[in-house]
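As a plain string of letters, each chain reads:
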Amino acid sequence: MSTVIAIANQKGGVAKTTTAVGLSGALVQEGYDVLAIDLDAQANLTIALGINPSQVRRSVADIFVNAEKLASLIQNTNLPGLDLVPANKEMELSERFVPLRQNHEVLLRQQLSVSEISSVYDFIILDCPPYLGAITTNALVAAHLLIIPTQAEYFSLNALKNMIAQVKTIRQSFNPALTYRILITLRDLRNRVHRTMSEQLLSTFANGLLSTSIDLDTKLRESSIAGMPVTYCYPKSRGALQYRSLAMEILEYVRQKNLIPA
Ligand SMILES: Nc1ncnc2c1ncn2[C@@H]1O[C@H](COP(=O)(O)OP(=O)(O)OP(=O)(O)O)[C@@H](O)[C@H]1O
Ligand SMILES: [Mg+2]
């Protein structure tokens, strides 16, 4: 079985996609086979892995609107060990049409459980859109672990509380075993608000907060433009070090919780 990790927050621009790419790259570097799935119509994960979404004919939207098999939509990336199911603009349609389908909440989970996927990949990383709609629900129903990237800023707190409430709803319905971890991103330690809010998050969400945080690093932006994870483009950068440290912490967590593939 693969370990499925969803990366979601209803708040936009909090480094969900950057975390999906950074974590995927670091897990590949540790020798794991990783499938990254872009669930966002903006297709930023697709772009960051070197594929132009306007040239994507068959995207992840096909599993939601055309009932196609996810396994048939997998593409290689420039990085051996990392595969991608790309997104394109059609994901906007999915968000509207998925709720019309029966048992729509489990569409993605069913697709990930087939042996062409679960016997091939150690980790499946789901990059979610910035809202709590039918697609994010599909991701949370399919996931073993949710990572919630957040900035250490006052306006991020509400979104964080909503995300945790959503986890509770999903646990009560489709996915009782769903666990979550909060990741502080875009941190600027020279910024007093970030320092105080980081401390406040630690005291409020102590158990749920990852000890790794991700600081500002322009190399993370530049690696998206280069179409490769930062751990490969700029392996010595702070961003690469911190995403490697995140991968180690996540590996330890999934081992402890027994979420790791045998
Ligand atoms: N640690 C960082 N240092 C500097 N820039 C970063 C960092 N993390 C992310 N960024 C940049 O911040 C912007 C937003 O990041 P990203 O696209 O990963 O967020 P997102 O949560 O996926 O956004 P959306 O909600 O639109 O999907 C991007 O331009 C990205 O390159
Ligand atoms: Mg994104």
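Throughout what follows, the structure given in this document is the object of discussion. Predicted model, so just to flag it, every value in this text is computed and none were measured.

What counts, and at which threshold
- Residues numbered from 1 in each chain as written.
- Chains lettered and ligands numbered in written order.
- Predicted model: local features only at pLDDT ≥ 70, side-chain atom pairs only at ≥ 80, totals over all residues.
- Heavy atoms only, no water.
- Pairing = 2+ DSSP bridges.
- Helix = DSSP H or I, 4+ residues; strand = E, 2+ residues; numbered from the N terminus.
- Contact = heavy atoms within 4.5 Å.
- Axes fitted to C-alpha atoms, helices over the stretch in contact; angles between N-to-C directions.
- Parallel < 35°, antiparallel > 145°, perpendicular 65-115°, else oblique.
- Nonpolar A, V, L, I, M, F, W, Y, C, P; charged D, E, K, R; others polar.
- Phe/Tyr/Trp six-rings, centres within 6.5 Å; stacked < 30°, edge-to-face > 60°.
- Lys NZ or Arg CZ within 6 Å of the ring centre and 35° of its normal.
- Buried < 20%, exposed > 50% of the residue type's maximum accessible area, 1.4 Å probe, protein only.
- Lys, Arg positive; Asp, Glu negative; His and termini not counted.
- Salt bridge = Lys/Arg side-chain N within 4 Å of Asp/Glu carboxyl O.

1. Here we look at the sheet that holds strand 6 (residues 145-151)
The mixed open sheet is built from eight strands, whose spatial order is 3-4-2-5-1-6-7-8. Of all strands in the sheet, those with a lone pairing partner are strand 3 (75-76) and strand 8 (209-215), marking the two edges. Across the sheet, helix 9 (residues 192-204) touches strand 6, strand 7 (179-187) and strand 8, and the angle it forms with strand 7 is around 170°.

2. Observations concerning the packing of helix 1 (residues 16-29) against helix 12 (residues 238-256)
Remark: helix 1 packs on helix 12, axes separated minimally by 8 Å, with the N-to-C direction vectors making an angle of 75°. Viewed along their axes, helix 1 and helix 12 adopt a mutual orientation that is roughly perpendicular. In this structure, helix 1 uses Thr18, Thr19, Gly22, Leu23, Ala26, Leu27 and Gln29 to contact helix 12, whose residues at the interface are Tyr243, Arg244, Leu246, Ala247, Ile250 and Leu251. Counted by class, the contact of helix 1 with helix 12 contains eight nonpolar, four polar and one charged residues.

3. Observations regarding the packing of aromatic side chains
The way to describe two aromatic rings as a pair is by their centre distance and the angle between their planes. As enumerated under the stated definition, the model contains two aromatic pairs in all. Both rings, one in Tyr32 and one in Phe123, keep their centres 5.3 Å apart while their planes meet at 85°; by these two values the pair is edge-to-face. Of this pair, Tyr32 sits in the loop between helix 1 and strand 2 (34-38) while Phe123 is found in strand 5 (residues 123-127), placing the two residues 91 residues apart along the sequence. Over the ring of Tyr234 we find Lys219; its NZ or CZ atom is 5.0 Å from the centre of that ring.

4. Looking at the side chain of Lys16
Within the element layout of this structure, Lys16 appears in helix 1. The side chain of Lys16 sits in the buried core without any salt bridge; Asp127 is the nearest counter-charge, 6.6 Å away. Setting aside residues up to four positions removed in sequence, Lys16 forms contacts with Ile7, Ala8, Asn9, Lys11, Asp127, Cys128, Pro129, Pro130 and Pro149.

5. Quick word on the pattern of salt bridges
For the coordinates displayed, the defined rule picks out seven salt bridges. Among the salt bridges present, the one from Asp188 reaches Arg190, with a minimum N-O distance of 3.2 Å. According to the relative accessible area criterion, Asp188 is buried, its value standing at 17%. Residue classification places Arg190 among the exposed residues on the basis of a relative accessible area of 73%. Overlapping salt bridges bring together Arg187, Asp215 and Arg238 as one network.

Spatial relationships are all this shows, so hold off on functional conclusions.
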